[in-house]
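# Observations on the three-dimensional arrangement
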Amino acid sequence: MKIGILGGSFNPVHNGHLFLAEKVFSALKLDRIIFVPVYQSPFKLNNFSLENKMPSANDRLDMLGASLTGDDRFTIDNCEIKREGVSYTINTLEDIITRYNPSGKPVLIIGDDLAADFLKWHESVKILQLADIAVARRKDSAIEKYSFPCILVENEVMEVSSREIRQKIEEDNNWLSLVPLGVRQIIEERQLYGFKKTQQKKTAKPDDIQDYFTPINTITQAVIHRIEAAVRKNLNTERFLHSRSTAVLAADMCRKYGFDPLCGYLAGIAHDFAKQIDCKQLYKIVKSNKRYTISALEKSKLNLLHGKAAAVLLKERFCIHNEDVLEALAFHTSGSADMGTLAKIIYIADKIECTRNIDPAFRKMLNDDADIPLDLILFAIIEKTIVKLKAKELDLSKDTLLLLEKIKEK
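Remember, it's a predicted structure, so these values are computed and weren't measured experimentally. (Residues numbered from 1 in each chain as written. Predicted model: local features only at pLDDT ≥ 70, side-chain atom pairs only at ≥ 80, totals over all residues. Heavy atoms only, no water.)

## Some points on the pattern of salt bridges
The condition is simple: Salt bridge, as used here, is a side-chain nitrogen of Lys or Arg placed within 4 Å of a carboxyl oxygen of Asp or Glu. Helical segments are the DSSP runs of H or I of at least four residues, strand segments are the runs of E of at least two, and each set is numbered from the N terminus. Summary of the burial criterion: residues with accessible area below 20% of their type's maximum are buried, those above 50% are exposed, and those between are partly exposed, where the area comes from a 1.4 Å probe applied to protein chains only.
Under the definition given, this model contains 22 salt bridges. As a salt-bridge pair, aspartate 272 and arginine 239 come within 2.8 Å of each other at their nearest N and O atoms. Of this pair, aspartate 272 sits in the loop between helix H11 (261-270) and helix H12 (279-287) while arginine 239 sits in helix H10 (residues 237-256); the two residues are 33 residues apart in sequence, bridging distant segments of the chain. Take arginine 239: its relative accessible area is 23%, and that puts it in the partly exposed class. With a shortest N-O distance of 3.1 Å, glutamate 298 and lysine 308 are connected by a salt bridge. Placement of the pair is glutamate 298 in helix H13 (residues 296-300) and lysine 308 in helix H14 (residues 306-318), with a sequence separation of ten residues. Among the residues examined, glutamate 298 registers a relative accessible area of 6% and is labelled buried. With relative accessibility at 4%, the residue lysine 308 sits in the buried group. Ionic contacts of the salt-bridge type, sharing partners, join the residues Arg32, Asp72, Asp252 and Arg255 into one network.

## Things to note about the nonpolar core
Stated precisely, the cut-off is as follows: What is meant by a nonpolar core is a set of buried Ala, Val, Leu, Ile, Met, Phe, Trp, Tyr and Cys residues, joined one to another through side-chain atoms within 4.5 Å. Only heavy atoms matter for contacts: two residues are in contact if any of them lie within 4.5 Å across the pair.
Judged by nonpolar contacts, the single largest core of 66 residues is most densely connected at Ile227, Leu266, Leu314, Ile320 and Val325. Leaving out residues up to four positions away in the same chain, isoleucine 320 has contacts with Ile216, Ile219, Val223, Ile227, Leu266, Leu314, Lys315, Val325 and Leu326. Judged by nonpolar contacts, the second largest core, of 39 residues, contains Met63, Leu64, Leu68 and Val179.

## A few points about the sheet that holds strand E2 (residues 32-37)
Convention followed: Here the rule is simple: two strands pair whenever DSSP picks up at least two bridges between them. Each axis is a line fitted through C-alpha atoms, and for a helix only the stretch in contact is used; angles between axes span 0 to 180 degrees, taken between their N-to-C directions.
Strand order in this open sheet of six strands is E3-E2-E1-E4-E5-E6, and the pairing throughout is parallel. A strand with exactly one partner marks an edge of an open sheet, and here the two such strands are strand E3 (74-76) and strand E6 (151-153). On average, each strand axis in the sheet is tilted by 30° relative to the strand beside it, whichever way the strands run. Where strand E1 (residues 3-8) and strand E4 (residues 107-111) come together, three bridges link them in parallel fashion. The residue of E4 that forms the bridge with glycine 4 is valine 107. Packing of H10 onto the sheet brings it into contact with E2 and E3, and relative to E3 it is tilted by some 150°.

## Observations concerning the environment of serine 67
The cut-off we apply is this: Counting of polar contacts relies on pairs of N or O atoms within 3.5 Å, with two restrictions inside protein: one atom must be capable of donating a hydrogen and the other of accepting it, and residues adjacent in sequence are counted only when both atoms are side-chain atoms.
Mapped onto the fold, serine 67 is located in helix H2 (residues 57-67). The class of serine 67 is buried, set by a relative accessible area of 14%. For the pair serine 67 and serine 336, spaced 269 residues apart in the sequence, the C-alpha separation amounts to 35 Å. The contact partners of serine 67, leaving out residues within four places of it in the chain, are Val13, Leu18, Pro180 and Val183. A distance of 2.8 Å separates the side chain of serine 67 from the backbone oxygen of leucine 64, its partner in a polar contact.

## What to know about helix H8 (residues 181-190)
The periodicity of an α-helix, 3.6 residues per turn, causes residues three or four places apart in sequence to face the same way. When you tally the buried positions in H8, you get seven out of ten residues, the bulk of the element. Along H8, the positions that sit buried rather than exposed are Gly182, Val183, Arg184, Gln185, Ile186, Ile187 and Glu188. In this structure, the buried side of H8 is in contact with H2 and helix H7 (162-171). Remark: glutamine 191 follows H8 within two positions and exhibits a positive phi of approximately 50°.

## Comments concerning the pairing of E1
We count it as follows: When the strands point away from the viewer, a crossover counts as right-handed if the path from the first strand over the helix to the second runs clockwise.
In terms of burial, E1 is a largely internal element, five of the six residues being buried. Relative to E2, E1 is paired through six bridges, and the arrangement is parallel. Across the sheet, the residue bridging to isoleucine 3 is arginine 32, located in E2. Viewed along the sheet, the connection from E1 through helix H1 (residues 15-27) into E2 turns out right-handed.

What follows is the structure, encoded as structure tokens:
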């Protein structure tokens, strides 16, 4: 997989960021662009934390998530925010190469406003060894030549900046069209950048309009947008980023193994929909539905019911009747001896998506040139899971053991 890395404060993310990412994605024929929001930029040490009314790191992550809904060309990595402190590109680059295992050098995307001083960056020579540098235009001026090897992206310039948007929000001065709708809603709801509720205009939300009476078997982008908005509201930022990374990996796996990637993305984004619901409520949700039984292990550890509860909620609240999606949600924790292709994909993607701290060898099994059967990958993941549970002296699900035995027979 050929990846690009686009770092920045994204404070807030705006249409100019997305316009640039889309241009670079197509121009360089990338498979994915990873947005990496900084915790503290080395270029803004003097003023980043001094401006009033700055959003938290989680606010910025949430706005990024809201701007990329349903688009698996782009993903989000919060490695710099988790590290905290000043972020150096070389550290992020080494981390992402290890976890994402790209084919060939990743492409580091920088703006021409920073490129002139690139050779002054921390360990710039090593960066050039590890990545190809793509310089995109941020200024409406002639394309310059640089004294280091790079790819010059001939993109149109969208005259918009995060600083300008922040100022417009505080002054209530025509900012709404500069950011995606989901970002606008977060800014309004959380009153970021000095936004005042008196400025608020009533706008339709992505999940406001839905047909509760028509069963949905065919998954579309519109369905994904509605459900992803609800998932983002139900989960904390860390859990949502995990869900989105699971969705992106699941869509990739669906393409590889001949399944509908939209179904994969939806099942991935929704698999932990009920993860943060109170355990007693989880039990009530699953118990009220005749479709799913509750095992002795699940009765003793009610949080294990979050997959089945998510399946119930997706069917009852959003009229999702796609059996593959519902099965994938219901059995992503324990597995099932008779689980289908999508359920296997979600089980795997949940365990090895790139925000997880696991052996990268598991992700290498999914490389484009690796012709490894899905069941063989599933077998390796289950064995690893069982070893981990035994080490922690935790009980094993009978469904997991039955699934392992069935795959062994194959």
